[in-house]
Amino acid sequence: MTNPALLPEGLRDRLPPEAEALGRVRGAVLWAAEMNGYARVEPPLAEFETTIARGLKSSRPTDLLRMMDPISQRTLALRPDITAQVGRIAATRLAHAPRPLRLCYAGQVLKVRGTQLRPEREMCQAGCELVGSDSVAAAIEAIRVALDALTLAGAGGFTVDITLPDLVPTLAAGPLPLPAERLDAVIAELDGKDAGALAALGAEAYLPLIEAAGPVDAALARLAGLDRGAVLASRLAGVRAIVAAIGDRARITLDPTERHGFEYQSWIGFSLFVEGARGEIGRGGSYTILHPDGHEEPATGFSLYLDPLVAAGLAPSARPKVFLAEGYDAAAADRLHGQGYATVAALSAQDDAARLGCAFIWANGALSPVTEGR
Ligand SMILES: N[C@@H](Cc1c[nH]c[nH+]1)C(=O)O
């Protein structure tokens with residue numbers, strides 16, 4: 001018999017206090033979304049394989065965890081990303097809702113494979129999608145709302161790393177021509193920052209792009225230097241406007257050829273980092289939604305991955321717990337709740353306030369701190 005405590009690789013139980021902290025972070029992110037005019041949607045955990053992740057114009061197919069549905073006799077897939085589901089909703093049931101359409105969400109997603117940095121396969125994703133625009137103003141709003149959400153969730157010390165996902169195809173079609181069959185290989189080597197492999201592909205002209213990564217001002221200056229014929233002018237102006245709008249709320253870097261994790265983003269993508277948490281906390285950018293009738297709609301959004309925030313101890317703090325000694329009255333409990341406390345009621349005289357995690361005791365009409373060794 002399988003050990004009942006054993007879960008598949010990359011899946012785990014979240015226990016107290018971690019699960020509660022995750023709940024508070026999720027609540028904070030959704031609150032920030034609501035404050036900025038985003039309405040909540042809750043797409044299902046699984047969909048037909050044929051509809052999931054197909055509603056977005058994407059450069060690569062998605063790896064999916066599939067199962068057979070005995071009811072419909074069709075293959076279902078577990079969602080690896082909620083953005084694609086929001087795109088489907090915007091293109092179908094909310095196709096006639098006024099634009100721009102602002103939607104937010106929070107839920108679990110499942111990836112087929114974890115990464116070295118993040119071996120877990122199931123994670124809590126929360127985010128916002130602004131459907132109907134991929135303008136610079138939309139990108140600024142997405143980054144601002146993401147920073148609002150992270151701030152409310154208890155994080156700080158932000159870095160926004162901007163990428164230009166269609167940079168290489170744009171240059172290849174203009175000032176730095178490349179044979180079409182070599183385009184994907186050049187993109188992959190730039191993503192891996194492999195100068196030797198680029199030279200071997202005859203793409204030496206692209207080498208300076210590797211050096212154009214880093215703090216945004218210097219990186220923009222290097223990119224502008226490469227931009228013979230000014231095919232990048234509107235993108236570079238867009239990045240400058242974003243930098244001006246974000247001001248000193250975040251450190252901004254530019255990694256113009258980063259593609260990994262930006263499979264469907266179009267002219268702009270960004271990664272979000274916070275002080276004290278490992279790796280990327282979120283990602284976003286502009287993308288294209290495909291409607292069932294074939295027309296394409298621009299959109300911009302972001303997703304945050306909340307578990308690493310909790311692991312870094314950044315969640316808003318829990319309510320302090322008050323132990324209610326036997327014989328307490330219910331009105332006192334209500335008052336304590338109103339004052340921001342959680343209460344734990346005694347069931348018998350044997351119950352121990354400290355062992356039950358309480359910092360205070362309510363007894364004889366007064367609140368007193370639990371002292372060690374009591
Ligand atoms: N869902 C994407 C990020 C994103 C949201 N909207 C646009 N891009 C991700 O998790 O990588």
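Because the structure is a prediction, the values reported are computed rather than measured.

**A few points about the site of the ligand**
Right, so step 1: Neighbouring residues of the ligand: 14 residues in total, closest Thr 83, Tyr 264, Gln 265, Arg 283 and Tyr 305.
Right, so step 2: Between the ligand and Asp 81 there is a distance of 2.8 Å, counted from a nitrogen atom to a side-chain nitrogen or oxygen.
Right, so step 3: Within the contact set of the ligand, a nitrogen atom lies 3.5 Å away from a backbone nitrogen or oxygen of Gly 301.
Right, so step 4: When the ligand sits alone it has 300 Å² of accessible area, and the protein chains cover 97% of it.

**Points about the packing of helix H8 (residues 216-226) against helix H9 (residues 233-246)**
Right, so step 1: Viewed as axis vectors pointing N to C, H8 and H9 meet at an angle of 165 degrees, and their least axial separation amounts to 11 Å. In terms of axis orientation, H8 runs roughly antiparallel to H9. The chirality of how H8 crosses H9 is left-handed. Counting all contacts with H8, which are made through Val 216, Leu 220, Leu 223 and Ala 224, the residues of H9 involved are Leu 236, Val 239, Arg 240 and Val 243.
Right, so step 2: Grouping the constituent residues of the contact of H8 with H9 by class yields seven nonpolar, no polar and one charged.

**Observations regarding the layout of surface pockets**
Where empty space is left becomes clear once a probe the size of a water molecule has been rolled over the atoms.
Right, so step 1: Reported here for the largest pocket is a volume of approximately 1,200 Å³.
Right, so step 2: Along its surface, the largest pocket is lined by 42 residues, and Lys 111, His 260, Gly 261, Glu 263 and Arg 283 are the ones closest to its centre.
Right, so step 3: Taken together, the elements giving at least two residues each to the lining of the largest pocket come down to helix H2 (82-91), strand E6 (122-131), strand E11 (282-290) and strand E12 (296-305).
Right, so step 4: Split by residue class, the lining of the largest pocket holds 15 nonpolar, 13 polar and 14 charged.

**Details of the packing of aromatic side chains**
Right, so step 1: Under the counting rule described, the total for this entry stands at two aromatic pairs.
Right, so step 2: Centroid distance Tyr 264 to Tyr 287: 5.7 Å. Interplanar angle 70 degrees. Geometry classified as edge-to-face. Placement of Tyr 264 in the loop between strand E9 (251-254) and strand E10 (269-273) and of Tyr 287 in strand E11 is noted, with a sequence separation of 23 residues between them. Neither residue differs from the other here; Tyr 264 and Tyr 287 are each classed as buried.
Right, so step 3: Just above the ring of Phe 48 sits the side chain of Arg 74; from NZ or CZ to the centre is 3.8 Å.
Right, so step 4: Directly above the aromatic system of Tyr 38 lies the positively charged group of Arg 102, at a separation of 5.9 Å from the ring centroid.

**Quick word on the side chain of Arg 121**
Right, so step 1: Within the element layout of this structure, Arg 121 appears in the loop between strand E5 (101-110) and E6.
Right, so step 2: No salt bridge is formed by the buried Arg 121. Its closest oppositely charged neighbour is Glu 9, at 6.1 Å.
Right, so step 3: A polar contact of 2.8 Å, which involves the side chain of Arg 121, links it to the backbone oxygen of Glu 9.
Right, so step 4: The contacts of Arg 121, once residues within four sequence positions are left out, are Pro 8, Glu 9, Gly 10, Leu 11, Leu 65, Val 109, Leu 110, Lys 111, Val 112, Arg 113 and Gly 114.

**Examining the pattern of salt bridges**
Right, so step 1: Per the stated rule, a full pass over the model turns up 14 salt bridges.
Right, so step 2: The residue Glu 47 makes a salt bridge to Arg 88 at a minimum N-O spacing of 2.6 Å. Of the two residues, Glu 47 is situated in strand E2 (residues 46-48) and Arg 88 in helix H2; the sequence distance between them amounts to 41 residues.
Right, so step 3: For Glu 47, a relative accessible area of 7% puts it in the buried group.
Right, so step 4: The class for Arg 88 is partly exposed, based on a relative accessible area of 23%.
Right, so step 5: A salt bridge links Glu 296 to Lys 57, with the nearest nitrogen and oxygen atoms 3.4 Å apart. Taken together, the positions of Glu 296 in strand E12 and Lys 57 in the loop between E2 and strand E3 (65-69) put the pair 239 residues apart, joining distant regions of the chain.
Right, so step 6: By relative accessible area, Lys 57 is classed as partly exposed at 44%.
Right, so step 7: One salt-bridge network, held together by shared partners, links Arg 14, Glu 122 and Asp 307.

What counts and what doesn't
- Residues numbered from 1 in each chain as written.
- Predicted model: local features only at pLDDT ≥ 70, side-chain atom pairs only at ≥ 80, totals over all residues.
- Heavy atoms only, no water.
- Near = heavy atom within 4 Å.
- Polar contact = N/O pair within 3.5 Å; in protein donor to acceptor, adjacent residues only side chain to side chain.
- Areas by Shrake-Rupley, 256 points an atom, 1.4 Å probe, with all protein chains shown as cover.
- Axes fitted to C-alpha atoms, helices over the stretch in contact; angles between N-to-C directions.
- Helix = DSSP H or I, 4+ residues; strand = E, 2+ residues; numbered from the N terminus.
- Parallel < 35°, antiparallel > 145°, perpendicular 65-115°, else oblique.
- Left-handed = near helix turned anticlockwise from the far one by under 90°.
- Contact = heavy atoms within 4.5 Å.
- Nonpolar A, V, L, I, M, F, W, Y, C, P; charged D, E, K, R; others polar.
- 1 Å grid on protein atoms, 1.4 Å probe; cavity = no way out; pocket = protein on both sides within 12 Å on 5 of 7 lines; lining within 4 Å.
- Points joined across faces, edges and corners; volume = space filled by probe spheres on them.
- Phe/Tyr/Trp six-rings, centres within 6.5 Å; stacked < 30°, edge-to-face > 60°.
- Buried < 20%, exposed > 50% of the residue type's maximum accessible area, 1.4 Å probe, protein only.
- Lys NZ or Arg CZ within 6 Å of the ring centre and 35° of its normal.
- Lys, Arg positive; Asp, Glu negative; His and termini not counted.
- Salt bridge = Lys/Arg side-chain N within 4 Å of Asp/Glu carboxyl O.

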